[in-house]
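Chains, contacts and geometry: an overview
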Amino acid sequence: MPVQAGKIVEGKVTGITNFGAFVELPDGEVGLVHISEIAEEYVKDINDFLKVNDLVKVKVISVDPKGKIGLSIKQTVEKRRPAPRKKFEISFEEKLSRFLKDSEERQQGLRRNADAKRGGRGNRRS
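Let me sum up the structure you'll find in this document. (Residues numbered from 1 in each chain as written. Predicted model: local features only at pLDDT ≥ 70, side-chain atom pairs only at ≥ 80, totals over all residues. Heavy atoms only, no water.)

**Comments concerning the overall build of the protein**
Summing up its helical and strand segments, the protein has one helix and five strands in all. Mapped from its N terminus to its C terminus, the protein presents α and β elements in the order β-β-β-β-β-α. Here the protein holds 126 residues, and 21% of them are scored as buried. For the protein, the share of sequence-separated contacts (at least 6 apart) that also reach a separation of at least 24 residues comes to 51%. (Helix = DSSP H or I, 4+ residues; strand = E, 2+ residues; numbered from the N terminus. Buried < 20%, exposed > 50% of the residue type's maximum accessible area, 1.4 Å probe, protein only. Contact = heavy atoms within 4.5 Å.)

Rendered as structure tokens:
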């Protein structure tokens, strides 16, 4: 049975390179899992994630006319939903509002200090 894009199958890692891992599929064909398709996180060294002869679940993401098969491991893993925000966390808008308020207060303090060093405003005699 030929492989079809979108199908999830189990395969065996047959080789590892610096750009990806070769996986033999159940029908005997071999596809490539590019390094960017190994895991959600940054993968510097594939050997930290895979070893030769590992059994892995892969998703067929492409089959080109020449027969090259593109595979993905990370697309077989369900993405975790972000945890609900806790009530004590503040929103970005609130953080921005606090930052602007603090910034304005600091600017006023700096202006007062600079004016005091210059002798104040309007206190010059002609």
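**Quick notes on the environment of Pro26**
Residue position: Pro26 is located in the loop between strand S2 (20–24) and strand S3 (30–34). A relative accessible area of 62% means that Pro26 is categorised as exposed. Measuring from C-alpha to C-alpha, the distance between Pro26 and Val3 comes to 9.5 Å, with 23 residues separating the pair along the chain. Setting aside chain neighbours within four positions, we find Pro26 in contact with Val9 and Glu10.

**Some words on the packing of aromatic side chains**
Within this structure, the stated rule accounts for one aromatic pair. Taking the centre distance of 6.4 Å and the plane angle of 85 degrees together, the rings of Phe19 and Phe22 count as edge-to-face. The exposure class assigned to Phe19 is partly exposed, which follows from its relative accessible area of 39%. (Phe/Tyr/Trp six-rings, centres within 6.5 Å; stacked < 30°, edge-to-face > 60°.)

**Concerning the pairing of strand S1 (residues 8–16)**
Summarising the sheet, S1 and strand S4 (residues 55–63) pair through five bridges and their orientation is antiparallel. From the neighbouring strand, Glu10 faces S4, where its bridge partner is Lys57. Both S1 and S2 contribute to a ladder of four bridges, which runs antiparallel. By the bridge assignment, Gly15 is partnered in S2 with Phe22. Between S1 and S2, which follow one another and run antiparallel, lie three residues. (Pairing = 2+ DSSP bridges.)

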